[in-house]
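Here's the letter readout for the chains.
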Amino acid sequence: MLRLVADRLITTVPALVGVIVVCFLLTRVLPGDTAAYFAGPTATPQAIEQIRRELGLDRPLPEQFARYVADLARGDLGQSLTTGQPVAADLRARLPASAELTLFGLVLSLIVAIPLGITAAVRQGSMVDHACRIVATTGVSLPVFFTGLLLVTVFYFLLGWAPAPLGRLDTFASPPPELTGFYLVDSLAAGDLETFRAALAQIALPGITLAIFALAPIARITRAAMLAVLASDFIRTARAAGLSGRTVVITYAFRNAMLPVVTTLGMVFSFLLGANVLVEKVFAWPGVGSYAVEALIASDFAPVQGFVLAMAILYIALNLLIDLTYGVIDPRTASAA
Amino acid sequence: MTALPLLEVRDLTVEFATRRGTVQAVRRVDVAVARGETVGIVGESGSGKSVTSYAVMRILDRAGRIAGGSVTFSGVDLRAAGERQMRDLRGREVSMIFQNPRSALNPIRKVGHQIEDVLRRHAQAGSGDARARAVAALEQVRIARAAERYHAYPFALSGGMCQRVVIALALACRPQLLIADEPTTGLDVTTQKAIMDLVAELTRARGMATILITHDLGLAAAYCDRVVVMEQGRVVEAAAAETLFRAPAHAYTRRLVRATPRPGIGLRDLLPEPAPEAAPLPAGAGVVPGEPLLTVTGLAKDYAGGGTAPLLRRLLGRGRAGAAPAPVRAVDGISFAVRRGESVGLVGESGCGKSTTSTMVMRLLDPSAGSIVFRGEDIGAVPAARFARHPLRPRIQMVFQDPTDALNPRWTAARAIADPLLRFGTTRAVRPRCEELARRVGLPAALLDRFPHQLSGGQKARVGIARAIATNPDLLILDEPTAALDVSVQAVVLNLLADLKRDLGMSYLFVSHDLHVVRLLCDRVIVMRAGAIVEEGSAAEVLERPKAAYTRELIAAIPHPPAASPSPA
Amino acid sequence: MSAGPLLDPAPGPRPQSGLGATLAHARYVVSGNPVTALAFGLLLLLVLCAVLGPALAPYDPLASDTAAALNPPSLAHPFGTDQLGRDILSRVVAAARLDLAIAVFSVALVFAVGGLAGLAAGYFGGWTDRVVGRIADTIMAFPLFVLAMGIVAALGNTVTNIVLATAIINVPLYARLARAEAAVRRNAGFVLAARLTGNSEIRILLTGILPNILPLMMVQMSLTMGYAILNAAGLSFIGLGVRPPTPEWGIMVAEGAGFIVSGEWWIALFPGLALMIAVFCFNLIGDGLRDIVDPQRRT
């Protein structure tokens, strides 16, 4: 198992290098004067010149790259002009909000999508199956920001069931003592049910928005994987040996169907991390996504670049986790490593 | 036949709902199996033999249903039985084993656990003794170190070993009837013999009845008491095995028996009795050897160490961790020659290096060492990547194993046949030449404008042969050219190949796993094993007086129907 | 289903040209699947809007009329008006051209670059495969929408860069698809046969492999059209790419978002619906095409 982890860790190195190179290039291909961009729209020529020197933009590219990597190693992603804080600190402070929202949405969609996909495959051609097809096609067609706005219109504006779409807690409530940074977890840990309920009410709509978005690919792949497995030779063997329907579906079919589902989770995470940006903007969620969007509007580029790099590194880590999970489920990969 | 059959299928009709409406895959079929009896159900592809067995087990897929007739097992009406009752019967009273043993097992569950699942399901073992019973079941199918293999996953076992596990699983609950659906198709002939002997021995020891479903008459002849012959969903003949092969009553059975290669016959004997006007062939061994056309010396091929690459390279780099394993030597310095007008068989089981050898001679793969001298030139020295432009390229051509795979799905038959003509410079009169080639291979000119999916397997094989001979090659490499064909089509294609060789004066290098087929077409035979040649000699000599122990083993393993002369009834 | 195999007769379908057979099959699929027919109808409508655009719109999509600002849907303005009094129906119709253009150009670009690179990688293997694979892996290491954000932010806020970013983030998908399909055919009998008959590698790639992969690529292109529209709209929504007052569905939703809380729901709803229907249409067509191309892989 340790071997497996070590092997997988090594395989992430090229991706990490690629990501850093691409991010470095993105900081250098800014059209016009990079220093002017970093200085912001109101900077004087002297300030721009100073920034140019500070950023080392007057040096040859390899040297700039070495400096970029050295800064990264120290966790230095530059300064945000809007907040006046180091980008790394800003991102760290806002990451829990984004992580809580993403995971909430993911768990919600898994709870719905996997049983839906399984039922659709086992009862092929039934109502559930048709429902699954509709969900799968509609889900991928819905612009995630539009779903969010629809939910706000219906549940906040028309029905008044949901609180105003303005952040993680309404302005009068105070956040729970920080433990994980996840309000739902921290409030429960502190035994503060009041705050838990308030946080849940706030996260419900953005969470559902993300869940609807992630539902489609997970339900689709679960159904397809189950259908493929149910049609395979070893299911025929299991049926011919008289194994019960439950054993066949759960122990034999589902565990095999999990392999493509787990693989797809990588893609789902990619979608979710992107959709997160849009959902955070719609719900004024104080996460890294809305931070990046605010910086974009202010033409403040260091936070945007820091955000892109941080998301890429997070995504690589998630994929590593997925690979390891896959290895646990599938004995073939374990022995191949 | 005993008075009361264990299984009685009467008037069974199975329908499939398809796009073109309902199709009857099985029509009014009667089969009866008595206790202790082994019944073969024999037929070519599409005859409905497998569907019949799925209907008995009631494991037809969603589109299929039993439309009529009755299935009675031990007095129980299986057609009327509830699903719960069927589940109790499956695995405990009636078991089944399948083709492709490797995919017949759950790939991510230990084989021992899979056997335990069945034992527990039928209350044949509790949590206390399940493992011991599963290990015992593995031991019964002669799996060495059963306690250790209990923990193995299917991917770690060979095909033959997987089939043993499937048998252990099927027989774990001591059922009364075993249905074996093409259990050895795709396995090497020696493995086939071991598996079939094991099944025969176990079922005999337990007094079980067996249904053996196969396309191979030889296999049925060797292991069955009675044989039922099916064609297009119908039973055309059912008789004791002995009778059926000595005096087949139905015309279809006669054709099938004749088309099955067996010792002591010639190519023409494979064809139906009113043989189409065919010129007599020169006797196999009697060919006057010409000068050497192809001389292979010290040919070797090493592959860089295999090892499975991590499955999930898709995202995070594709670097392969760990040291590269030692190189594998697929062909180990072999030498042989093919003379003009001669046909040489290259025989061996899977992994023996015969395909690697032919691919190197074909100049699609570069050898690691050795020379390939063709028409006096060492073409082995020309890199495979550059050989496409070599003047000798049109002189060596090939007929592929799978006739479907060998044709571009987007090209008509005429376009496929014309391809070599166009590439090698003939742009005039391409169509007449195509038609001439089609005539030569017995392909009606009307079919020339069809796409591969509109042609039958035999027709596709003819297109592939026409393309191969379009350039008048000196050497034709035949890579298991009939392995994917039904036996009656095989008979026709083999005869066609023999005629073409006589008419066009080509030499053949015939790669095959089947010694009987090779003997019919070849003058000389080379037997390979583990990358080396173990025996070489005239076809008759190798088959009748094999010198190497391995050759003897190989010949002994091939089942064949009794060498009878089926006389017209 | 071989019939009387010895006689080797001509079984199966009647001789029919490839195109005729495909059309017959397409008719069969569409007749059995009215939803696909509906999707093709919608597509026609979309294309009509995109081509005729301004001619169809009842008002000038850019003309503001402060007197008629924030009017709810009415007979005069079926979709209502926005904060500047512009007719939303006209803007929704006019936006079709830009959104479809972005999708068409980015899909064409990704097919040309990603598809062909994948084809070469799968067929030739070796270093071609390693280079293409490494590039695809690097792109895939980013969450795709986030990468698109980064690219547009770095290259500048233009429609061209949106097209470019959308194409880039789809490159791995096409490269992988084409690579896998080319790799399974690399050693197919018909490819070896083509090599034996003296075809050059490029020729085999273009006559043997590409035509056989094309149907699958068409399916993917239809699906990507929908994704490209979504992606472009998402970028506009956060202020990247298209700028006001240009009519574009994503930016219109963004403009309308602020008014939902105060009850003016129509400003965001109609462009949002248009966006949704367009994407839905391409997804349905993709699924329908998949049924035509590959009946076995219906999902």
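This one's a predicted model, so the numbers in the text were calculated from it and none came from an experiment.

Visitor: Talk me through the overall build of chain A; I want residue IDs and the actual numbers.
Guide: Of the regular secondary structure elements, chain A holds 14 helices and zero strands. Listed by position from the N terminus, the elements making up chain A come as α-α-α-α-α-α-α-α-α-α-α-α-α-α. The proportion of buried residues among the 337 residues of chain A is 49%. For chain A, the proportion of contacts with a sequence separation of at least 24, taken over those separated by at least 6, is 70%.

Visitor: I'd like to hear about the overall build of chain C, residue by residue, with values.
Guide: The helix and strand inventory of chain C stands at ten helices and zero strands. Listing the helices and strands of chain C from first to last along the sequence gives α-α-α-α-α-α-α-α-α-α. Out of the 299 residues belonging to chain C, those deemed buried represent 56%.

Visitor: Describe the domain arrangement of chain A, listing the residues and the values that go with them.
Guide: Residue and element names in this part refer to chain A. As far as domains go, chain A holds domain 1 (2-73) and domain 2 (94-336). When each unit is reduced to the centre of its C-alpha atoms, the spacing between domain 1 and domain 2 is 32 Å. Counting residues at the interface gives 15 residues for domain 1 and 15 residues for domain 2. In terms of residues, the side of domain 1 that touches domain 2 owes the most to one element, helix H1 (residues 2-28), which gives ten residues. Class assignment for the residues of the side of domain 1 that touches domain 2 results in eleven nonpolar, three polar and one charged.

Visitor: Quick one: what's the story with helix H9 (residues 193-230) of chain A, residue by residue and with numbers?
Guide: Residue and element names in this part refer to chain A. For H9, spanning 38 residues, the distance from its first C-alpha to its last is only 45 Å, which falls clearly below the expected 56 Å at 1.5 Å a residue. Where H9 bends most, at Ala 204, the angle is about 40 degrees, and the proline Pro 206 comes one to four residues later. For H9, the buried fraction is high: 30 of the 38 residues fall into the buried class.

Visitor: Go over the packing of helix H5 (residues 144-155) of chain C against helix H6 (residues 159-186) of chain C, please, and point to the residues and values.
Guide: All names here are of chain C. At a closest axis distance of 9 Å, the pairing of H5 and H6 adopts a crossing angle of 145 degrees. Crossing hand, H5 versus H6: right-handed. Side by side, H5 and H6 meet where Leu 144, Leu 147, Ala 148, Ile 151, Val 152 and Leu 155 of the first sit next to Asn 161, Ile 162, Leu 164, Ala 165, Thr 166, Ile 168 and Ile 169 of the second.

Visitor: Tell me about the nonpolar core, residues and numbers included.
Guide: One finds Val308(A) and Ile417(B) to be the most contacted residues of the largest nonpolar core, which totals 368 residues. The element that contributes the greatest number of residues to this core is H9(A), accounting for 21 residues. Contact partners of Ile417(B), with chain neighbours within four places excluded, come to Cys434(B), Leu437(B), Ala438(B), Val463(B), Ala466(B), Arg467(B) and Ala470(B).

Visitor: So what about the UniProt feature "domain: ABC transmembrane type-1" (unreviewed entry) in chain A? Which residues, and what values?
Guide: UniProt tags residues 95-326 of chain A as "domain: ABC transmembrane type-1" (unreviewed entry). Helix makes up 80% of residues 95-326 of chain A and strand 0%, and the two end C-alpha atoms of the span are 26 Å apart.

Visitor: Give a detailed account of the interface of chain A and chain B, specifying residues and quantitative values.
Guide: At the interface, 36 residues of chain A touch 37 residues of chain B. Elements with a contribution of two residues or more to the side of chain A that touches chain B: H1, helix H10 (233-240), helix H11 (245-283), helix H13 (301-329) and helix H14 (331-336) of chain A. At seven residues, the largest contribution of residues to the side of chain A that touches chain B is made by H1(A).

Visitor: Before we move on, can you summarise the sheet that holds strand S20 (residues 532-538) of chain B with the specific residues and values?
Guide: Residues and elements named next belong to chain B. Pairing is mixed in the open sheet, where six strands are placed in the order S16-S17-S18-S13-S19-S20. This sheet does not close on itself; its edge strands, each paired only once, are strand S16 (396-399) and S20. Taken pair by pair, the neighbouring strands of this sheet meet at an average axis angle of 20 degrees, ignoring direction. Taken together, the four bridges between strand S13 (residues 343-347) and strand S19 (residues 524-529) define a ladder with parallel strand orientation. Across the sheet, Gly 345 pairs through a bridge with Val 525, a residue of S19. Docked against the sheet, helix H11 (residues 354-361) engages S13, strand S17 (475-479), strand S18 (507-512) and S19, running at close to 150 degrees with respect to S18.

Visitor: Report on the UniProt feature "transmembrane region" (unreviewed entry) in chain C, specifying residues and quantitative values.
Guide: Residue and element names in this part refer to chain C. Under the feature "transmembrane region" (unreviewed entry), the UniProt entry names residues 37-57, 100-124, 144-169, 225-245 and 265-285. Secondary structure content for residues 100-124 is 100% helix and 0% strand, and the end C-alpha separation is 35 Å. Helix makes up 95% of residues 265-285 and strand 0%, and the two end C-alpha atoms of the span are 30 Å apart.

Visitor: Just give me the short version of the environment of Ile533(B), but keep the residues and values in it.
Guide: Residues and elements named next belong to chain B. Assignment of secondary structure puts Ile 533 in strand S20. Residue classification places Ile 533 among the buried positions, given that 21 C-beta atoms sit within 10 Å. Taking C-alpha positions, Ile 533 is 29 Å from Leu 504, a pair spaced 29 residues apart along the chain. Those residues within four positions of Ile 533 in sequence are excluded, and the remaining contacts are Ile 334, Phe 336, Ile 526, Val 527 and Met 528.

Visitor: Give a description of the interface of chain A and chain C that names residues and reports values.
Guide: At the interface, 42 residues of chain A touch 40 residues of chain C. Put simply, the parts of the chain that give the side of chain A that touches chain C at least two residues each are H1, helix H6 (127-141), helix H7 (144-158), H9, H11, helix H12 (288-297) and H13 of chain A. In terms of residues, the side of chain A that touches chain C owes the most to one element, H13(A), which gives eight residues.

Visitor: Go over the sheet that holds strand S11 (residues 292-303) of chain B with me, naming the residues and quoting the values.
Guide: All names here are of chain B. The strand order S12-S11-S14-S15 describes an open sheet built from four strands, whose pairing is antiparallel. Each edge of the open sheet carries a strand with a single partner, namely strand S12 (328-339) and strand S15 (377-378). In the packing of H11 onto the sheet, the strands contacted are S11, S12 and strand S14 (369-374), and the crossing angle to S11 comes to about 120 degrees.

Visitor: Which residues make up H5(C), and what are the values?
Guide: Residues and elements named next belong to chain C. Between its first and last C-alpha atoms H5 spans 16 Å; for twelve residues at 1.5 Å apiece the expected length is 16 Å, and the two agree. Among the twelve residues in H5, eleven count as buried, and that is most of the element. Residues of H5 that are buried: Leu 144, Phe 145, Val 146, Leu 147, Ala 148, Met 149, Gly 150, Ile 151, Val 152, Ala 153 and Ala 154. Positive backbone phi, at 120 degrees, marks Gly 156, one or two positions downstream of H5.

Visitor: Provide a residue-level description of unusual backbone geometry, including the pertinent values.
Guide: Residue and element names in this part refer to chain B. Phi at Arg 58 takes a positive value of approximately 55 degrees, unusual for a residue other than glycine. With respect to the secondary-structure elements, Arg 58 resides in the loop between helix H1 (49-57) and strand S4 (64-73). On the neighbour-count criterion, Arg 58 (19 C-beta atoms within 10 Å) is partly exposed. Located in the positive-phi region is Arg 174, a residue other than glycine, with phi close to 50 degrees. For Arg 174, the position within the fold is in the loop between helix H6 (159-171) and strand S7 (177-181). Taking the number of C-beta atoms within 10 Å as the measure of exposure, Arg 174 has 13 and is therefore partly exposed.

Quick notes on the rules
- Each chain carries its own residue numbering, running from 1 in the written order of its sequence.
- Ligands are numbered from 1 and chains lettered from A, in the order in which they are written.
- Only residues with pLDDT of at least 70 are given local features in this predicted model, and only at 80 or more are side-chain atom pairs given and counted; all residues enter the totals for whole chains, interfaces and linings.
- A helix here means a DSSP run of H or I that spans at least four residues, while a strand means a run of E at least two residues long, and both kinds are numbered starting from the N terminus.
- Residue burial is a threshold on neighbouring C-beta atoms within 10 Å of the residue's own C-beta, all placed from the backbone, with 20 or more meaning buried, 12 or fewer meaning exposed, and counts in between meaning partly exposed.
- Residue pairs are scored as contacts if the distance between their C-beta atoms, which are placed from the backbone, is within 7 Å.
- In this document the domain limits rely on a domain assignment from an automatic tool or a database.
- Asp, Glu, Lys and Arg are counted as charged, while Ala, Val, Leu, Ile, Met, Phe, Trp, Tyr, Cys and Pro are counted as nonpolar; the rest, among them Gly, fall into the polar class.
- The span one expects for a helix is its residue count, reduced by one, times 1.5 Å.
- Bend, in this description, refers to the angle at a residue between axes fitted to the seven residues ending there and the seven starting there.
- Axis lines are fitted through C-alpha atoms, for helices just across the contact stretch, and the angle between N-to-C directions can take any value from 0 to 180 degrees.
- Handedness of each helix crossing follows the sense of rotation of the near helix against the far helix: counterclockwise by less than a right angle gives left-handed, clockwise gives right-handed.
- The term nonpolar core refers to a group of buried residues, namely Ala, Val, Leu, Ile, Met, Phe, Trp, Tyr and Cys, whose C-beta atoms join them within 7 Å.
- UniProt positions are given in the numbering used here, feature names are shortened, and annotations may be inferred rather than shown by experiment.
- Note on pairing: two strands pair once DSSP finds at least 2 bridges between them.

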